[in-house]
Each structure stands twice: as C-alpha cells, then as structure tokens.
Amino acid sequence: MILTLEWTPKGVNFIDQTKLPLEESYVLATNYEEVAEVIVTMVVRGAPAIGVSAAYGVALGAKDSKAKTIEEFAPEFEAICARLAGTRPTAVNLFWAIDRMKRLFAELLATKTPMSSVKERILTEAHAMYNEDIAACKTMGAFGGERMPDEGGVLTHCNAGALATCGYGTALGVIRSAVEQGKRIKVYADETRPFLQGARLTAWELMHDGIDTTVICDNMAASLMRAGKIQAVVVGADRIAANGDFANKIGTYNVAILAREHGIPFYVAAPCSTIDMKPPDGAAIPIEERSPVEVTHHGGKQLTPHGVGICNPAFDVTPARYLTAIFTERGTLEAPFNESLKKMAVAE
Ligand code: MRU
C-alpha cells in the first residue's frame, strides 16, 4: 500500500512527492508550521490529501500548545487555522477540513472542555477525516469503475491517486476499481506540465500496482483520441461549484474539449468535501498562480531565455457542459449538475 501521509507520535510523516519517482523518501513535520510548509512546497499535494494534512496540522498545533484552558487556547487555535488556510487557495478540501475543526472547537469551547480532552478530540477528528477519505475513495471508485469500458484506453490528467488522497485515490480509485472488476484497462497518463504529476506520480503509483500505464505528453491527447485509443477520460477535482463547473489541474479544460470533440465520455471523481455550493459557477473559484520557476526550470536546469514572460496558473475551470457524470461517495451525479448537486447538498 502507498502511504501518502501518516500520523506518528513524533509528528506527521509525508512521502516526499517532490522527489518521486526517483527517490522514495519521507518528510516528518513535527509542528503545524512544518505542515504548512510541506503543503506550500508540494511535498504533499492533491485536494483531499491537503485537507487531511491541514487537519493533522491543527492537531499538532493543539498538542504543542502550552495553554491551560480552552479559552486561553482560542486565539492560538485561530492563528493555527489561519496559517494552514493560507497555504494554497484552490482546493476547497483545505477549507472544508479547517471549517470542520472550527465547528468542533466551537462545541468544545461552549462546554468548557479541559485542554487535555481538547487535544484528544481534535486528533480524533483528524483521524476520522483520514479514514473517511479512504472509505470515500473506495466507494466512489466502485461507482465509477462500473462506468469504465470493459476493455480500452482511459486517459487521466495530473495525479488524482493514492498520493493525492489518504489512499486508493479518486480518479485512480475508479481505474483501480475497474481493474479489480476484471476490466482490461490501459491507462494513458498526461505528463501534466509543469509539475509533472502525471509523468512522475500517476505513472509511479499505477506501476506500483501493476496497472498497464503509458505516459504521454500533454499535447498528444487529441491525436490518440482520433486514433481511437481512448474510450473514457477520468480526472479528479479541486473544487466543484454549485452548477458543476469544476477546477482541476491546468490542462483539464483542454482534455474536456478534446473528449467532447471525439465523442468520448468525460468523468470527474471527487469526494463531497470537494463540492463548494457557495460559488454559483466556476468563475468565482480562486485560481492559484505558482512560481514562474516551475515553468522556466526543470531539475535545476533552465529551459527558457532569461527575462521571458511566464504565466503559471496551477488550475483551470472546466464548464459543467463538458461533464458526463461526477462520481462521489454518495453516488453518481448526472446532468443537469446544478440540480443533482443541490439534491445531494439538501440530503446532507
Ligand atoms: O497542484 P496539485 O498537484 O495539488 O493539483 C492536484 C490536482 O489538480 C488533482 O487532480 C486534484 O487535487 C484531485 S486529487 C484527488
């Protein structure tokens, strides 16, 4: 099993995703500030994994607090949450996890819970989020697996796998489930410039599980689709708005347009913690702009001329009209997504 992150008595242990696939090494974050740092530097990445990491960050912050009462701890708790919330802006799972901790904290404050129990309850909540995430991936994987072709090529973009979650993965969970159901799937993994999550991480984890995987450059998808090699596309999401528009790794929108042009079904797999009913559509989703160095350099080597203009948005928004269905742990959502999402949110 691939271990993305794990709570230990000394802190949170993360597989270092900046080093994969050439080196399998781990980074131990011993306090909340270090957890914030591993999120910013993308040692850990992927929407659900970021959310649970932040939850463990809050647990570490509580554990280390010298406050004698919950009232004394309250401003410290706010500062910890604010620091973790400031790490990355697009994946809503981060804010979902922090809000869940804030709701718990408000309950504990109202009942004047002793500090030793506060520390324990916060850690228990983080463990619950971790376990729920794995269970959600398995459930949505089973729903999605049924919709995969019995045999054929499935394209994915970025890494929405075990490495992006607490285990099993969202889009890659769908693929894992299809393979477990006996389907003969050949995965095409977009390399996903500039951070190469597909070439480095998706390829690494699928090969780890013995799943047939081929890496393609981002600009090869159209020609493979025309050649009849792709029967379905499945990707993850960082934030799904109320109408089904969704943010995911930059380049997802391109793939969605190509899939439509070639009559190929295009699916999203994401837990309910990725759904944000506040923005009515994708236009209001904040898009992270990352360092130009990710584009100008690779492996410490400069690729572009000095001083050239660079833009590096980490995500794009795909309009809901390109989506065939959304797999969640509560079932498969079909179009019109504004209605199916609303129905699910009301049933919550
Ligand atoms: O910048 P990253 O690597 O955190 O972006 C990750 C993605 O875009 C994933 O597709 C998304 O978070 C879904 S992960 C299950």
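The rules we used
- Residues numbered from 1 in each chain as written.
- Predicted model: local features only at pLDDT ≥ 70, side-chain atom pairs only at ≥ 80, totals over all residues.
- Heavy atoms only, no water.
- Pairing = 2+ DSSP bridges.
- Helix = DSSP H or I, 4+ residues; strand = E, 2+ residues; numbered from the N terminus.
- Axes fitted to C-alpha atoms, helices over the stretch in contact; angles between N-to-C directions.
- Contact = heavy atoms within 4.5 Å.
- Salt bridge = Lys/Arg side-chain N within 4 Å of Asp/Glu carboxyl O.
- Buried < 20%, exposed > 50% of the residue type's maximum accessible area, 1.4 Å probe, protein only.

Chemist: In this structure, what is going on with the sheet that holds strand β5 (residues 184–190)? I would like to understand it.
Modeler: Note on sheets: strands pair through backbone hydrogen bonds, and any given pair is parallel or antiparallel. Taking strand neighbours across the sheet as the criterion, the 7 strands line up as β6-β5-β4-β7-β10-β14-β15 in an open arrangement whose pairing is mixed. The strands lining the two open edges of the sheet, one partner per strand, are β6 (213–216) and β15 (331–334). Strand-to-strand twist in this sheet, taken as the mean axis angle between neighbours without regard to direction, amounts to 25 degrees. Strand direction decides the pairing type here: β5 and β6, joined by 4 bridges, are parallel. When the bridges of β6 are listed, Ala189 appears paired with Val215. Helix α5 (residues 115–147) contacts β10 (266–269), β14 (325–328) and β15 of the sheet and is inclined by roughly 145 degrees relative to β14. On top of the sheet, helix α9 (residues 252–261) reaches β4 (151–156), β5, β7 (232–235) and β10; it is set at about 140 degrees to β10, its chief contact.

Chemist: Help me understand the sheet that holds strand β3 (residues 26–29), please; the structure alone is not making it clear to me.
Modeler: If you trace the 3 strands from one edge of the open sheet to the other, you get β1-β2-β3, paired in antiparallel fashion. Two strands bound the open sheet, and with one partner strand each, they are β1 (5–8) and β3. Averaged over all adjacent pairs, the angle separating strand axes in this sheet is 25 degrees, with direction ignored. Running over the sheet, helix α1 (residues 32–40) touches β2 (11–15) and β3 and is turned about 140 degrees from β3. Helix-sheet contacts for helix α2 (residues 47–64) involve β1, β2 and β3, and the interaxial angle to β1 is about 15 degrees.

Chemist: Which parts of the structure should I look at to understand the pattern of salt bridges?
Modeler: As a working rule, side chains carrying opposite charge can pair if their charged atoms are close by. Enumeration according to the criterion identifies 17 salt bridges in this entry. Among the ionic pairs, Glu71 bridges to Lys112, the shortest N-O distance being 3.4 Å. Here Lys112 lies in the loop between α4 (92–110) and α5 and Glu71 lies in helix α3 (residues 70–85), a separation of 41 residues in the sequence. The class of Lys112 is exposed, set by a relative accessible area of 60%. Put simply, Arg100 and Glu132 hold a salt bridge, and the shortest N to O gap is 2.8 Å. A residue pair is termed long-range when its members are at least 10 positions apart, and Arg100 in helix α4 and Glu132 in helix α5 qualify at 32 residues. Given the relative accessible area of 40%, Glu132 is considered partly exposed. When salt bridges with common partners are traced through the structure, they connect Arg88, Glu288, Arg290 and Glu294 into a single cluster.

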